[in-house]
Each structure stands twice: as structure tokens, then as C-alpha cells.
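# Survey of secondary and tertiary structure
In case you want the letters, here they are:
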Amino acid sequence: RKEVEQDPGPFNVPEGATVAFNCTYSNSASQSFFWYRQDCRKEPKLLMSVYSSGNEDGRFTAQLNRASQYISLLIRDSKLSDSATYLCVVGPRFSNYQLIWGAGTKLIIKP
Amino acid sequence: GAGVSQSPSNKVTEKGKDVELRCDPISGHTALYWYRQSLGQGLEFLIYFQGNSAPDKSGLPSDRFSAERTGGSVSTLTIQRTQQEDSAVYLCASSLAQTALGTDTQYFGPGTRLTVL
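Keep in mind that this is a model prediction, so the values were computed, not measured.

## A short note on the nonpolar core
- Membership of the largest hydrophobic core comes to 22 residues, with the highest contact counts inside it found for Phe21(A), Trp35(A), Ile71(A), Leu73(A), Ile75(A), Tyr86(A) and Leu107(A).
- If we skip the residues at most four places from it in the chain, Tyr86(A) touches Gln6(A), Phe21(A), Trp35(A), Tyr36(A), Arg37(A), Leu47(A), Phe60(A), Leu73(A), Ile75(A), Gly104(A), Thr105(A) and Leu107(A).
- Core analysis: the next-biggest nonpolar cluster, separate from the first, contains 20 residues, Leu21(B), Ile26(B), Leu60(B) and Cys92(B) among them.

## Observations regarding the pattern of salt bridges
- Counted according to the given criterion, the structure contains 8 salt bridges over all chains.
- Residue Lys79(A) is joined to Asp77(A) by a salt bridge in which the shortest nitrogen-to-oxygen separation is 2.9 Å.
- Two residues, Glu44(B) and Arg36(B), come together in a salt bridge whose shortest N-O distance is 2.8 Å.
- In this structure Arg36(B) comes out as buried when scored by relative accessible area, which is 12%.

## A short note on the sheet that holds strand β3 (residues 19-24) of chain B
All names here are of chain B.
- Spatial ordering of the open sheet is given by β1-β3-β7-β6, a layout of 4 strands whose pairing is antiparallel. Each end of this open sheet is capped by a strand with a single partner; those strands are β1 (5-7) and β6 (65-69). Within this sheet the neighbouring strands show an average axis-to-axis angle of 15 degrees, counted without direction.
- Pairing of β1 with β3, which is carried by 3 bridges, proceeds in the antiparallel orientation. Considered in β3, the bridge of Ser-7 is made with Arg-22.

## Some thoughts on unusual backbone geometry
- Of note, the amide linkage connecting Gly9(A) to Pro10(A) takes the cis form, showing an omega dihedral of 10 degrees.
- Counting through the fold element by element, Pro10(A) comes out in the loop between β1 (4-6) and β2 (11-14).
- The step from Ser7(B) to Pro8(B) runs through a cis peptide bond, and the omega angle for that step is -10 degrees.
- On the secondary structure map, Pro8(B) appears in the loop between β1 and β2 (10-13).
- The phi torsion at Arg41(A) lies on the positive side, around 60 degrees, for a residue other than glycine.
- By the element assignment, Arg41(A) lies in the loop between β4 (32-38) and β5 (44-50).

The rules behind each value
Residues numbered from 1 in each chain as written. Chains lettered and ligands numbered in written order. Predicted model: local features only at pLDDT ≥ 70, side-chain atom pairs only at ≥ 80, totals over all residues. Heavy atoms only, no water. Core = buried A, V, L, I, M, F, W, Y, C linked by side-chain atoms within 4.5 Å. Buried < 20%, exposed > 50% of the residue type's maximum accessible area, 1.4 Å probe, protein only. Contact = heavy atoms within 4.5 Å. Salt bridge = Lys/Arg side-chain N within 4 Å of Asp/Glu carboxyl O. Pairing = 2+ DSSP bridges. Helix = DSSP H or I, 4+ residues; strand = E, 2+ residues; numbered from the N terminus. Axes fitted to C-alpha atoms, helices over the stretch in contact; angles between N-to-C directions.

Okay, structure coming up:
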């Protein structure tokens, strides 16, 4: 089993719709969680950190479920520019820089 | 300000040759990371530099891989006797430092796409 697993997609979603995807992690001691966005043939860029209580940044909402060991990303009112691959990233230990990266979920927003 | 830069952007080499990949981190960032990403895969950690501390080389896949960071700034990743399975995008990232609450934001360079024929 991979340490961080994501549905590779692609998720094909009409513009304006709401879309959500999850990421599961295997190490229950994980302490830090992030969503990164990666455009085609570009470098990853931090989208948002994921906090225990859940957090929101504009149209994006991230949730953490420690009991079931998954994090989620919800995108409301999706835009064409949201089309990208979304990478789930998990820090295995507190203050540890060795992040474990998921392979990503590809999202395609259609007009 | 200037972001992380990497060179070359693309490198095609023949099996058995050595290659050097360069990374210029953001000025003032003390932490520097090398990753590689194969097609359709997540990032694979290779090596981490933090200030003047000994680097964490635990992610290097074989002794053909080595990296240096000179003067706490520019870093070079060297792959000796390249193999076809080394073909991937090699990404460099830098960050200010670890924070007390966990990892801080890593800023990535555009990567070097390495193709070994």
C-alpha cells in the first residue's frame, strides 16, 4: 500500500460546479498536510495547508479526518483555470521536512 | 523577487554519461531540496540541505547520485553513468527553514527534464 494515495482521475467537471476529492495516508503519526497544485509540465505550487479544524481559502476548503486518515479538498464554483493536477502531501512526523507526495488527482474543468 | 531557477531546462544524454543539474535557490532560503518526478508519479525525495548541517542523503537511489551545495546557496545534483530509469523531471525547491509547527512552504524551480537514451 502506498503511503499517500490519490485517485488519479481525471475528474471532468463543468465550469461552475463543485468538486471534491480525497487523499488517504497510511502513517497515523503524520502531523502536517498540504495540497499543492501542479499545472501541466510546471512545478508544484502550494495551494493550502490543511489544519485539524479544517480551513477555507476563497473557493477552496480543506478538511482533515484523522480517524479515517484522509484529507479532502473541495472546490466550489469551479473555474477553467482550476484545471490542474492536485497533489496531496503529508509530513510523516512533526517538524519533519521529508514530505510524502501523492501522485496527484487530475482535474479538468470544461466550459 | 527572483524565484528558484534550474538549469538546464532539458537535458538529453546517452546511457553511461554523467550529467550535472544546477539549482539556484531563492536568496536567503537556508533549506534546499532535490526531488525527482517520473511521469504520472508523485515527487520522490532525494536530498535535503539545511544551512551548514550535513545533508540528508537518505533519498538518493544509488551511489551514482550525489549533490553539493556551495556557500550555502547554489546546488548541483550529479548523476554518474546515467541509466534509462534515471529519466525524469528533477525538481529543486527551497524554503526559509523548518518552523516549530512543522514544515514551511517549499518554492519549486521549473525543473530539469532529463532523458537518458
